[in-house]
Amino acid sequence: MTILARLTEKSWEPGAQPVERERPSAGTVGTLAYFGVATVMFTLLVAAYLMRMGLHGGGDHVHDWKPMPDPPLLWINTLVLIASSLAWEGARRTHRGGAAIMGAALGMVFLAGQLLLWRHYQAAGYYLSANPANAFFYLLTALHGLHLMGGLVAAGRALAAANMRNIALCALYWHFLLIVWLVLAVLLLST
Amino acid sequence: MATTLADDLRPLHHPHSWVTKYVWSQDHKVIAIQYSCTAIGIGLVALVLSALMRLQLGFPGAFPAIQPDNYLQFVSMHGMIMVVYLLTALLLGGFGNYLIPLMIGARDMVFPFVNMLSYWFYLLSVIVLVAGFFVPGGPTGAGWTLYPPQAISEGTPGHQWGIVTMLVSLAIFVAAFTMGGLNYVTTVLQARTRGMTLMRMPLSVWGIFTASVMGLLAFPALFVAAIMMLFDHLAGTSFFMPTMQSMGAITPTQGGSPLLFQHLFWFFGHPEVYIVALPAFGIVSDLISVHARRNIFGYRMMVWAIVIIGALSFLVWAHHMYVSGMNPYFGFFFATSTLIIAIPTAIKVYNWLLTLWRGDIHLRVPMLFAIAFIFTFIHGGLSGLFLGNVSVDVPLSDTFFVVAHFHMVMGVSPILVIFGAIYHWYPKIFGRMWNDSLGKMHFWITFIGVYAIFLPMHYLGILGVPRRYYALGQADFIPPSVHLANEWISIAALIVFCAQGLFFYNMIWSLFRGPKADPNPWGAASLEWQTPDTPPAHGNWGPHLPTVYRWAYDYSVPGAPRDFIPQTEPREPEPRA
Ligand code: HEM
Ligand SMILES: [Cu+2]
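Rules used throughout
Residues numbered from 1 in each chain as written. Chains lettered and ligands numbered in written order. Predicted model: local features only at pLDDT ≥ 70, side-chain atom pairs only at ≥ 80, totals over all residues. Heavy atoms only, no water. Helix = DSSP H or I, 4+ residues; strand = E, 2+ residues; numbered from the N terminus. Rg over C-alpha atoms; globule rule 2.2 N^0.38 Å. Buried < 20%, exposed > 50% of the residue type's maximum accessible area, 1.4 Å probe, protein only. Contact = heavy atoms within 4.5 Å. Areas by Shrake-Rupley, 256 points an atom, 1.4 Å probe, with all protein chains shown as cover. Lys, Arg positive; Asp, Glu negative; His and termini not counted. Charge placed at Lys NZ, Arg CZ, Asp CG, Glu CD. Donors = N, O, S within 2.8 Å, 3.2 Å for Na, K, Ca; no water. Core = buried A, V, L, I, M, F, W, Y, C linked by side-chain atoms within 4.5 Å. Salt bridge = Lys/Arg side-chain N within 4 Å of Asp/Glu carboxyl O. Buried area = accessible area lost by both parts, 1.4 Å probe. Polar contact = N/O pair within 3.5 Å; in protein donor to acceptor, adjacent residues only side chain to side chain. Nonpolar A, V, L, I, M, F, W, Y, C, P; charged D, E, K, R; others polar. Near = heavy atom within 4 Å. Tetrahedral: all angles 85-135°; square planar, octahedral: opposite > 155°, others 65-115°. Expected span 1.5 Å × (residues − 1). Patch = residues over 30% accessible without salt bridge, like charges linked within 9 Å, V, L, I, M, F, W, Y side chains within 5 Å. pLDDT = per-residue confidence, 0-100. Axes fitted to C-alpha atoms, helices over the stretch in contact; angles between N-to-C directions. Parallel < 35°, antiparallel > 145°, perpendicular 65-115°, else oblique. Left-handed = near helix turned anticlockwise from the far one by under 90°.

Caption draft 1: Highlighting the overall build of chain B. If you tally the helices and strands in chain B, you get 14 helices and two strands. Rg of the C-alpha trace for chain B: 24 Å, near the compact-globule value of 25 Å for 577 residues, within the 12% margin. With the C-alpha coordinates of chain B rotated into their principal frame, the extents come out at 85 × 50 × 50 Å. Out of the 577 residues in chain B, the part that is buried amounts to 62%. Put simply, of all contacts in chain B between residues at least 6 apart along the chain, 79% involve residues at least 24 apart. As displayed, chain B offers around 21,500 Å² of accessible surface, 71% of which is attributable to carbon and sulfur atoms. Positive and negative charge centroids in chain B, built from 25 and 23 side chains respectively, lie 10 Å apart.

Below is the structure:
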């Protein structure tokens, strides 16, 4: 039954008793719903980024937005996250815990890489409060990183319980975070 | 993960000790009560703050303990607590938790552990919020809208620490709400019992479900805004903070956009109005239908109206920003979208009235509150039509007309529904009946009282009395009648304040002394009244989940033996062709 048919049901009439249908697991629905939440959050941040970027500084009408340089580490981290997502996809398809552990480990490498990136920027003088571009960079990477850490906790629990359904959900979550990261990386690199 | 769909009871988490049963409980009914008690507790704080404000406004200068700074702090904390920590938490965390599984025939929420976490995060957010009263400088006085730059600038009360506790508390609240909201949405989608199609769900569930979806999509804006403002305040970034001169010196921040905050805040703030209103709409529909012994008029239309209102309310946020200097074309767009929402809303009002029309109306306490809601909601909605128009709004902005409007529409109206709902479901929740006369007394004082408080405020607003003012002082546009009106408003507010004692006395008295309740005292058709135990036991349904054969509104069906047919009653094979 399509959603439209379900919403136009004439429930006051003595219709036939509905047949039970297979429902996706609660975990899947909950995870997808959470993607909605996170999508709104990151979309709003991107909107705020673009809005703030287009603004003029102070009364002197000079752009106060100074873009950050793009170090090679940014590319390397992106590749690591892609590899991590691929490993998770392998785990999802082959039901092997080893691939999942690989995916989680690569996720940690990505986080370490992001930390290095922060250190790198700090050393080069790109402090949080020095410029709105820096502030957005730290804010976005921090929120993305926190989401990945949450994913690592969930992955640890799924692995400990050898729960294949939850491992598949972790893979899904990783892909989602990869897409978010790609959008953010494009944003950071192109502005 | 526990599955709560099957008739198999084993996967359900079974509490063994008193602590796991009542403290770290994963039972949706216990969590609902925890949520409700916490929300009502913090709501009482907000109520006391409103009484203090009214004392100051009615009798300026008579209470030297209330200084201008305190007044602003009271306004801000009162507003934020009422909207977020009381109404949102009580309607979704409280009623959502209690009603969803029982009304759709589930044993519990689908993620009981996350549900428990949600409550404890909420409690933490309340504790951090209350901590604001004790930090140096006191809580924030920036208004519940917390607009930067003033919220974190010299001269605003609580700009040092109070604002930090407020923002941190909000961020925790959003986390708590997200955990709860994911549960409510997934449970409605996943755990409905056999035969419970989407369109057989009671409107209460539809309202709570839609509001939860909206909350999931709107609260991230508040979260983002809170985090960014924390950065501005604690780390010296300038997301929102423009270049400013303070005491002749240029502040270190530069170029930030206060308007950006306003957009984020109201992207959350307007849907928030409907996050509070939609559950109230749903609940009031059920109260009216049960106590008028009639099926709700236009059920399908009611469901669609709920969904359409929910969707549209994401497109109107900037009607709170008409005076922010935005492009006039935006104003035109947002005024139009705002007025369009009036259409599905009016449909709902007509349908409530048509349900009552020729109904067999039983004026019991829950019904009195439901009908009172229709009054206050129509009044608040009508003044909203004025404020939705840019040219009318501009002179009325930041006056008491606005205060009167939003108290009618989103303060008093949902509160009346909450009272009605508590009177209605208490017999199921605790298995005891209330004292009817006390309930009626509480109703009449509250209903007439809120009109005495908020109707005159429209008049003050039209005269131009500004909101968030500690005292009016001497001004030519303020005639003496304003002071008189303020005095009487305050007296009415104090009477309403005291009358709530009747409610709490009644609640506690009935808990111990109330007559034992029948499992279905109102003769209601929906599932929650058909549980094998009253109050429902852990797992709700005994060994077998119920099967649903009909919608929740079979009242006064011609030829039926009783004037209602429970949802669990199988359909007879058609007697005649
Ligand atoms: C008897 C009950 C109540 C009384 C007497 C009352 C009174 C007041 C007063 C005197 C103000 C400040 C007006 C000003 O100086 O600007 C105020 C503000 C406010 N109230 Fe209430 N109130 C009550 C209930 C509620 C409820 C149930 C809500 C829930 C939505 C609510 C939400 C607010 C909000 C959002 C503000 C604005 C705060 C701000 O300006 O930042 N109030 N109320
Ligand atoms: Cu609005």
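Still more ground to cover, so stick around.
Caption draft 2: Quick peek at the coordination of the copper ion (ligand 2). Residues and elements named next belong to chain B. Summarising the metal site, the copper ion (ligand 2) is bound by the protein donors His270 (ND1), His319 (NE2) and His320 (NE2), whose distances to it range over 1.7 to 2.0 Å. We note that the donor set of the copper ion (ligand 2) lies within a single chain, spaced as H-x48-H-H. With a gap of 50 residues between them, His270 in helix α7 (residues 258-291) and His320 in the loop between α8 (299-312) and α9 (328-356) connect regions that are remote in the sequence. Using a relative accessible area of 7% as the deciding quantity, one classes His270 as buried. In this structure His320 comes out as partly exposed when scored by relative accessible area, which is 29%.

Caption draft 3: Layout of the environment of Asn134(A). Within the secondary structure, Asn134(A) is located in helix α5 (residues 132-160). When neighbours within four sequence positions are excluded, Asn134(A) is seen to be in contact with Lys66(A), Met68(A), Tyr126(A), Tyr127(A) and Leu128(A).

Caption draft 4: Looking closely at the nonpolar core. All names here are of chain B. The biggest cluster of nonpolar side chains holds 245 residues, and the ones touching the most others in it are Tyr85, Phe95, Tyr122, Leu146, Met228 and Trp352. Examining the composition of this core, we find that 23 residues originate from one element, helix α3 (residues 68-104), more than from any other. Excluding residues that lie within four positions of it along the chain, Trp352 makes contacts with Phe281, Val284, Ser285, Ile288, Ile296, Met302, Phe373, Ile374 and Phe377.

Caption draft 5: Structural view of the environment of Tyr274(B). Residue and element names in this part refer to chain B. Inspection of the secondary structure puts Tyr274 in helix α7. Sequence spacing of Tyr274 and Ala211 is 63 residues, and the spatial spacing of their C-alpha atoms is 7.0 Å. The contacts of Tyr274, once residues within four sequence positions are left out, are Met214, Pro279, Ile309, Ser313 and Ile341.

Caption draft 6: Molecular detail of the pattern of salt bridges. By the definition in use, this model includes six salt bridges over all chains. In this structure, Asp554(B) engages Arg550(B) in a salt bridge whose closest nitrogen and oxygen atoms are separated by 2.7 Å. Neither Asp554(B) nor Arg550(B) differs from the other in exposure class; each is buried. Through salt bridges with shared partners, a single ionic network connects Glu89(A), Arg92(A) and Arg93(A).

Caption draft 7: How the structure looks around the interface of chain A and chain B. Tallying the contact residues gives 43 residues for chain A and 50 residues for chain B. Counting each side, the surface lost to burial between chain A and chain B is near 3,900 Å², with a carbon and sulfur contribution of 68%. The three residues of chain A that bury the most area against chain B are Leu7(A), Trp12(A) and Arg23(A), which together make up 15% of that side's buried surface. Linking chain A to chain B there are zero salt bridges. Applying the counting criterion to the chain A and chain B interface returns nine residue pairs in polar contact (both at pLDDT 80 or more). Listing elements by their share of the side of chain A that touches chain B, those giving two or more residues are α1 (3-7), α2 (26-53) and α5 of chain A. Broken down by element, the residue count for the side of chain A that touches chain B peaks at 15 residues, all from α2(A). Of the residues contributing to the side of chain A that touches chain B, the split by class is 24 nonpolar, 11 polar and eight charged.

Caption draft 8: Focus on the site of ligand 1. Residue and element names in this part refer to chain B. Lining the immediate surroundings of ligand 1 are 21 residues, of which Tyr71, His78, Trp144, His407 and Arg468 lie closest. In the model, an oxygen atom of ligand 1 is placed 2.7 Å from a nitrogen or oxygen of the Trp144 main chain. Note that a nitrogen atom of ligand 1 is positioned 2.8 Å from one of the side-chain N or O atoms of His407. Breaking the shell around ligand 1 down by element, the ones donating at least two residues are α2 (28-58), α3 and α12 (400-430). Per element, the largest residue contribution to the shell around ligand 1 is seven residues, and it comes from α3. A breakdown of the residues in the shell around ligand 1 according to their chemical character gives 12 nonpolar, six polar and three charged.

Caption draft 9: Expanded view of the coordination of the iron atom of ligand 1. Residues and elements named next belong to chain B. Around the iron atom of ligand 1, the protein contributes the donor atoms His78 (NE2) and His407 (NE2), which lie 1.9 to 2.0 Å from the metal centre. Angles of 88 to 179 degrees at the metal separate the six donor atoms of the iron atom of ligand 1, which places the site in the octahedral class. Note that His78 is positioned in helix α3 and His407 in helix α12, a separation of 329 residues in sequence.

Caption draft 10: Here's a closer look at α9(B). Over its 29 residues, α9(B) runs 43 Å from end to end, which matches the ideal 42 Å to within 8%, given 1.5 Å per residue. Capping the start of α9(B), Asn327(B) holds a side-chain oxygen 2.9 Å from the backbone nitrogen of Tyr329(B), two or three residues further along.

Caption draft 11: Expanded view of a nonpolar patch on the surface. Residue and element names in this part refer to chain B. Together, Phe297, Leu339, Tyr350, Leu353, Leu354, Trp357, Ile378, Leu382, Leu385 and Phe386 line one region of the surface with nonpolar side chains, adding up to about 930 Å² of accessible area. Among the secondary structure elements, those contributing two or more residues to the nonpolar patch are α9 and α10 (365-388). Position of Leu353 relative to the elements: it lies in helix α9.

Caption draft 12: Highlighting unusual backbone geometry. Residues and elements named next belong to chain B. The omega torsion of the bond from Pro148 to Pro149 falls at 0 degrees, within 30 degrees of zero and hence cis. Residue position: Pro149 is located in the loop between α4 (112-131) and α5 (162-190). Phi is positive for Leu146, which is not a glycine, with a value near 55 degrees. Assignment of secondary structure puts Leu146 in the loop between α4 and α5. Owing to a relative accessible area of 2%, Leu146 belongs among the buried residues under this scheme. Phi is positive for Arg358, close to 60 degrees, though the residue is something other than glycine. Note that Arg358 resides in the loop between α9 and α10. Arg358 sits in the exposed class, given a relative accessible area of 72%.

Caption draft 13: Highlighting the confidence of the model for chain B. All names here are of chain B. Residue-level pLDDT values for chain B average 93, and 97% of them are 70 or greater. For residues 1-11, every residue scores under 50 in pLDDT, and the model assigns this stretch 25 contacts once sequence neighbours within four places are set aside. Overall fold confidence (pTM) sits at 0.95, and the ipTM for the predicted complex is 0.94.

Caption draft 14: Quick peek at the confidence of the model for chain A. With 95% of its residues at a pLDDT of 70 or more, chain A shows a mean pLDDT of 90. Taken as a whole, residues 57-61 of chain A scores under 50 in pLDDT and shows six contacts with residues more than four places along the chain or in a different chain.

Caption draft 15: Broad picture of the packing of helix α3 (residues 72-94) of chain A against helix α6 (residues 164-190) of chain A. Residue and element names in this part refer to chain A. Close contact between α3 and α6 brings their axes to 9 Å; oriented N to C, the two are set at 160 degrees. As far as their axial angle goes, α6 and α3 are roughly antiparallel. Pair α3 / α6 crosses with left-handed handedness. Residue-level inspection shows Leu74, Trp75, Thr78, Leu81, Ile82, Ser84, Ser85, Trp88, Glu89, Ala91 and Arg92 of α3 in contact with α6, the latter providing Ile167, Ala168, Cys170, Ala171, Trp174, His175, Leu177, Leu178, Trp181, Leu182 and Leu189.

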